[in-house]
Amino acid sequence: MTAGRRSPATLVVAGFAATAVAVVALTGPELATGSPTAPVGLPFDVPSAAHPLGTDAIGRDVLSRVLHGGRTVLLLSAGATLSAGLLGAALGILAGLAGTRAGEIVVRVVDVVAVVPALLVLLVLAAGLPGSDLAVLAGVTLVSLPFSVRVVRAATRSVAVSGFVEVARARGDSRWQVVRHDILPNVAGTVLAETGVRFSAAVHLCATAGFLGLGRGAPAANWGRMVSENAAGLSLNMWPVLVPALLLVVFTVAVNLLADDLAVRWGEA
Amino acid sequence: MSTEPVARVSDLTIGPVGGGAATVSGLNLTVPNRGVLALVGRSGSGKTTAALSLLGHLRPGLVRRGGAVHVAGQDAFTPGGAAALRAGTVAYLPQDAAATLNPSRRLGTQLAEAAGPRSVAELLDAVHLNVDRGFLRRYPHQVSGGQAQRVAFALALARDPRLLVLDEPTAGLDAVLVRGIRDLIAELLGRTATVLVSHDPELVSAVADEVVVLEAGRRVEAAPPRRVLSRTRGARRATVSPEIALSASGLTARHGRTTAVAGIDLSVISGECLALVGPSGSGKSTLARCLVGLHPYRGEVALRGTVVAGAAARRTAEQRRQVQLVAQHSVGALNPRETVDTALRRPLRHLRGLAEPAASAEIARLLDRVRLPSGYARRRPGRLSGGERQRVNLARALAVRPDVLLCDEVTSALDAHTGDAVLDLLAELRHDLGLTVVLITHDLATVARHADSVAVLDAGRVVEYGPVDAVLAAPDHVVTRALVGAAGT
């Protein structure tokens, strides 16, 4: 796994970038001085001293909207990743330890969910529960879950046939004991790396949900939705599209690098 | 044909990232075109580290401190060079070659993918594997260890590598297959330059053009000859009572649709050592797993005359305590994420109900019993050598004070010297603790030295069964004769 090792400099930059974006997103609403929803000027006005990033499609201050628009995306994707990660680990380990037939059934059920396009799941849930962030959370969790289950099950199966698991089972250790001491620590590296990938996907999906106007509706700010709202005025003022898009990209790439490294370190510790 | 060497290692020094004794130091090697270079030395002498450097690979925690490795003109320690080498110039087969097979894909699929324009039959033919069509539909875990190893060879050779790196190709194989693999390697050697890491003296002397002996990471010249098969017998204890510790009658077990164990009757007298020998795939390991309740079976298993339930979970705690499994493979037998302390504490708490401070005292006693310093309790298996891991493996089984130890190929991954030390320890434990031992092995030297009786298995049946002296002196069955013959070469 030496290939997974990044240089320390890369990791410091990634750590700094991820933290910076997270701070902007989480504390932004407190830092913002202006209202994210009140029109303050002409649409797509270029940056000025009063409005450093200009104004958006209906003349609102872009800086205020950027500061207000990250929290939802980040919290939703973190929440969805966490719940998909936990559920996926639990189901994956159960399926991995269950007999071949029971495990296959779980995987088939999970496959049924996996073949439904992610956006379709999101749209259906959002249609059922209009304007609800919870629907986005549930949707993103649901589409992330199948991948987690499959990866964790495969990792579990390879650990489950090793000598130390056989010895523990022959000794009569309870299933929970085996999971806690033998399975979990040995699949944790895989779960960590996998969760990193899922998190990027979740950020992407939550932003897409915002872009499509799902979740808590207008006029609330949302980095994903800002891109769609202001795409038409890209030639007049690019900042309301570029800034939220850049923040999302930097954040997902940085988190991925960090999660990969964490998984490698776990394997070596 | 060029006379330029395929690989050149110059002044290579590799050591732990945080400093400390070098794993390989100031090593110089030249692998001639089509030549065979053997690296020999004890466990931990740096053989594998040196061999892996030919692929530009360093195990996690190691760093190159100096020197260079060039293979076929590529610098192995540049990212581009390493990638180019691994893409086809160098083929590597690790100690447990069968583990390189993808466990979730059929053998046929894996072979077909590697074969490219050639046919799967051609690949299999090159490694002398005669199989039916059903074989290709199987998954790696459904074939014997020897067959899986041959398939791994076939895959490694499919890309016509310039250099073949073999890490302990004969470790973990029974005598018949070892002979087969030796022949196979001898045949392949005319075609590909090879670096052979081995502690199999017969293999090395049969095929190597040059032998480099490593000790503590340094090259030392002379290789001390070592006689593997010695028939010296350990002192034999007279059995006091003829109580049957463990017996099986009419034991039959299946793997899917194939019968792995067919109607086996066996019994082990208390305090004795019964050896189970037989070729790969003869059902030895399945039999062991049945005895400890890990594999479903028909028939009966009895402990001290009491018939026990088939599954471990349905046996009483006392019955589970009586028989302990000492698992195969010194690596997979211990949980890599668990310290020695935890590994020993779990059985103490679970089957003996020991709490602090009694548990800690017992752990220290157990480590002392297997001759490991008490400081080892804090270590994880990654920081133990193969022999040390096997001692911990033994200590874990001893923790619950069992009557019977089921040792499944406990020396197969160790060099001869370390393996002997582990077996001597086992003999001593047997003597001191009055343990009954079932020793699964393919090594007849071990059988001759340690066992009282021997059962020879073939295709899931016991084909010969009796006192060691009688069976080895006058082998009746063709399989026994093959094993004895292979061990004698």
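Quick summary incoming for the structure in this document. Since the structure is predicted, the reported quantities are computational estimates derived from the model, not experimental observations.

### Side note on the overall build of chain B
Move 1: Along its length, chain B carries 17 helices and 20 strands.
Move 2: Burial status across chain B gives 53% buried among its 489 residues.
Move 3: Expressed as a percentage of contacts within chain B between residues at least 6 apart in sequence, the contacts between residues at least 24 apart total 70%.
Move 4: Accessible surface, chain B: about 20500 Å² in total, of which carbon and sulfur atoms supply 51%.

### With respect to the overall build of chain A
Move 1: The number of helices and strands found in chain A is nine helices and zero strands.
Move 2: Put simply, chain A runs from its N terminus to its C terminus through helices and strands in the order α-α-α-α-α-α-α-α-α.
Move 3: Burial statistics for chain A: of 269 residues in total, 48% are counted as buried.
Move 4: Of the contacts made within chain A by residues no fewer than 6 positions apart, 73% connect residues no fewer than 24 positions apart.
Move 5: Carbon and sulfur atoms form 73% of the exposed surface of chain A, whose accessible area is close to 12300 Å².

### Side note on helix 7 (residues 175-211) of chain A
Residues separated by three or four positions in an α-helix point in the same direction, a consequence of the helix having 3.6 residues per turn.
All names here are of chain A.
Move 1: Relative to the 54 Å expected for 37 residues at 1.5 Å per residue, helix 7 spans just 45 Å between its end C-alpha atoms, considerably shorter than the ideal helical length.
Move 2: Its maximal kink placed at Leu 184, helix 7 deviates by approximately 45 degrees, while the proline Pro 185 follows within four residues.
Move 3: Looking at the residues trailing helix 7, positive phi occurs at Gly 213, about 80 degrees.

### Thoughts on unusual backbone geometry
Residue and element names in this part refer to chain B.
Move 1: Positive phi is not limited to glycine here, since Arg 371 has a value of about 60 degrees.
Move 2: Here Arg 371 lies in the loop between helix 12 (358-369) and helix 13 (386-398).
Move 3: Take Arg 371: its relative accessible area is 51%, and that puts it in the exposed class.

### Details of the sheet that holds strand 20 (residues 461-467) of chain B
Within a sheet, each strand pairs with its neighbour through backbone hydrogen bonds, oriented either parallel or antiparallel.
Residue and element names in this part refer to chain B.
Move 1: With mixed pairing, six strands are arranged side by side in an open sheet as 16-17-18-13-19-20. Looking at which strands have only one partner, the edges of the open sheet turn out to be strand 16 (323-326) and strand 20. The sheet shows a mean angle of 15 degrees between the axes of neighbouring strands, direction not considered.

### Some points on the pairing of strand 20 of chain B
Residue and element names in this part refer to chain B.
Move 1: In this sheet, strand 20 lies alongside strand 19 (residues 453-458) in antiparallel orientation, the contact comprising six bridges. Opposite Leu 457, over in strand 20, you have Val 462 as the bridge partner.
Move 2: Count of turn residues in the strand 19/strand 20 antiparallel hairpin: two residues, of which Ala 459 carries a positive phi of about 50 degrees.

### Describing the packing of helix 2 (residues 62-97) of chain A against helix 5 (residues 133-160) of chain A
All names here are of chain A.
Move 1: Contact geometry for helix 2 and helix 5: axes closest at 5 Å, N-to-C directions at 35 degrees. Our pair here, helix 2 against helix 5, has a crossing hand that is right-handed.
Move 2: A class-by-class count of the residues in the contact of helix 2 with helix 5 yields 16 nonpolar, 10 polar and three charged.

### Side note on the packing of aromatic side chains
The geometry of an aromatic ring pair is captured by the separation of the ring centres together with the interplanar angle, meaning the angle of the planes.
Move 1: Per the counting criterion, the structure on display carries one aromatic pair over all chains.
Move 2: Ring centres 5.7 Å apart and planes at 75 degrees place the aromatic pair Phe 199 of chain A and Phe 251 of chain A in the edge-to-face group. Here Phe 251 of chain A lies in helix 9 (residues 239-268) and Phe 199 of chain A lies in helix 7, a separation of 52 residues in the sequence. Comparing Phe 199 of chain A with Phe 251 of chain A shows no difference in burial state: the two are buried.
Move 3: Positioned above the aromatic ring of Tyr 376 of chain B is the side chain of Arg 379 of chain B, whose terminal nitrogen or guanidinium carbon lies 4.2 Å from the ring centre.

### Focus: the interface of chain B and chain A
Move 1: Each side of the interface is counted separately: chain B has 26 residues, and chain A has 23 residues.
Move 2: Around 2000 Å² of area is buried between chain B and chain A when both sides are counted, 51% of it from carbon and sulfur atoms.
Move 3: Per-residue buried area on chain B facing chain A is highest for Leu 294, Arg 337 and Arg 346 of chain B; these three make up 32% of the total on that side.
Move 4: Connecting chain B to chain A are three salt bridges.
Move 5: With a shortest N-O distance of 2.7 Å, Glu 166 of chain A and Arg 289 of chain B are connected by a salt bridge.
Move 6: For the interface between chain B and chain A, the tally reads 10 residue pairs in polar contact (both at pLDDT 80 or more).

### Here we look at the pattern of salt bridges
Move 1: Applying the stated criterion across every chain yields a total of 31 salt bridges over all chains.
Move 2: Residue Arg 65 of chain A pairs with Asp 56 of chain A through a salt bridge whose shortest N-O separation is 3.4 Å. Of the two residues, Arg 65 of chain A and Asp 56 of chain A, both sit in the buried class.
Move 3: With its nearest N and O atoms 2.7 Å apart, the salt bridge here joins Asp 432 of chain B to Arg 369 of chain B. One end of the pair, Asp 432 of chain B, is in helix 14 (residues 416-433); the other, Arg 369 of chain B, is in helix 12, and 63 residues separate them in sequence.

### A look at the environment of Arg 389 of chain B
All names here are of chain B.
Move 1: Tracing the backbone through its elements, the reader meets Arg 389 in helix 13.
Move 2: Along the chain, Arg 389 and Val 340 lie 49 residues apart, while their C-alpha atoms are 9.2 Å from each other.
Move 3: A distance of 3.1 Å separates a polar atom in the side chain of Arg 389 from the backbone oxygen of Pro 381.

### Here's the deal with the side chain of Glu 464 of chain B
All names here are of chain B.
Move 1: Here Glu 464 is to be found in strand 20.
Move 2: Arg 481 is the oppositely charged side chain nearest to the buried, salt-bridge-free Glu 464, at an N-O distance of 6.9 Å.
Move 3: A polar side-chain atom of Glu 464 sits 2.9 Å from the main-chain amide nitrogen of His 477.
Move 4: If sequence neighbours within four positions are ignored, Glu 464 has contacts with Val 454, Ala 455, Val 456, Val 471, Ala 474, Pro 475, Asp 476, His 477 and Thr 480.

### Digging into the sheet that holds strand 14 (residues 298-303) of chain B
All names here are of chain B.
Move 1: A sheet is described by the order of its strands in space; here four strands give the open sequence 12-11-14-15, paired in antiparallel fashion. Every other strand in the sheet has two partners, leaving strand 12 (258-269) and strand 15 (306-307) as the edge strands with one partner each.
Move 2: Note that strand 11 (residues 244-255) and strand 14 share five bridges and pair antiparallel. When the sheet's bridge partners are listed, Thr 252 is paired in strand 14 with Arg 298.
Move 3: Across the sheet, helix 9 (residues 284-291) lies against strand 11, strand 12 and strand 14, angled at about 120 degrees from strand 11, the strand it touches most.

### Considerations on the nonpolar core
Move 1: If you look at the biggest cluster of nonpolar residues, it comprises 48 residues, and the most contacted ones within it are Leu 394, Leu 405, Cys 407, Leu 426, Val 437, Val 447 and Val 454 of chain B.
Move 2: Grouped together as the second largest cluster of nonpolar side chains are 38 residues, Val 120, Ala 152, Ala 154 and Leu 157 of chain B included.

### A look at the packing of helix 4 (residues 118-128) of chain A against helix 5 of chain A
A packed helix pair is summarised by two numbers, namely the angle formed by the two axes and the spacing between the axes.
All names here are of chain A.
Move 1: Relative orientation of the contacting elements helix 4 and helix 5 amounts to 150 degrees, with a least axis distance of 9 Å. Here helix 5 runs roughly antiparallel to helix 4, going by the angle between their axes. The crossing of helix 4 and helix 5 is right-handed. For the pair formed by helix 4 and helix 5, the contact residues are Ala 118, Val 121, Leu 122, Leu 125 and Ala 126 on the first element and Ala 135, Val 136, Ala 138, Gly 139, Val 140, Leu 142 and Val 143 on the second.

Parameters at a glance
- Residues numbered from 1 in each chain as written.
- Chains lettered and ligands numbered in written order.
- Predicted model: local features only at pLDDT ≥ 70, side-chain atom pairs only at ≥ 80, totals over all residues.
- Heavy atoms only, no water.
- Helix = DSSP H or I, 4+ residues; strand = E, 2+ residues; numbered from the N terminus.
- Buried < 20%, exposed > 50% of the residue type's maximum accessible area, 1.4 Å probe, protein only.
- Contact = heavy atoms within 4.5 Å.
- Areas by Shrake-Rupley, 256 points an atom, 1.4 Å probe, with all protein chains shown as cover.
- Expected span 1.5 Å × (residues − 1).
- Bend = angle between axes of the 7 residues up to and from the residue.
- Pairing = 2+ DSSP bridges.
- Axes fitted to C-alpha atoms, helices over the stretch in contact; angles between N-to-C directions.
- Left-handed = near helix turned anticlockwise from the far one by under 90°.
- Nonpolar A, V, L, I, M, F, W, Y, C, P; charged D, E, K, R; others polar.
- Phe/Tyr/Trp six-rings, centres within 6.5 Å; stacked < 30°, edge-to-face > 60°.
- Lys NZ or Arg CZ within 6 Å of the ring centre and 35° of its normal.
- Buried area = accessible area lost by both parts, 1.4 Å probe.
- Salt bridge = Lys/Arg side-chain N within 4 Å of Asp/Glu carboxyl O.
- Polar contact = N/O pair within 3.5 Å; in protein donor to acceptor, adjacent residues only side chain to side chain.
- Lys, Arg positive; Asp, Glu negative; His and termini not counted.
- Core = buried A, V, L, I, M, F, W, Y, C linked by side-chain atoms within 4.5 Å.
- Parallel < 35°, antiparallel > 145°, perpendicular 65-115°, else oblique.

Read these as geometric descriptors, not functional statements.
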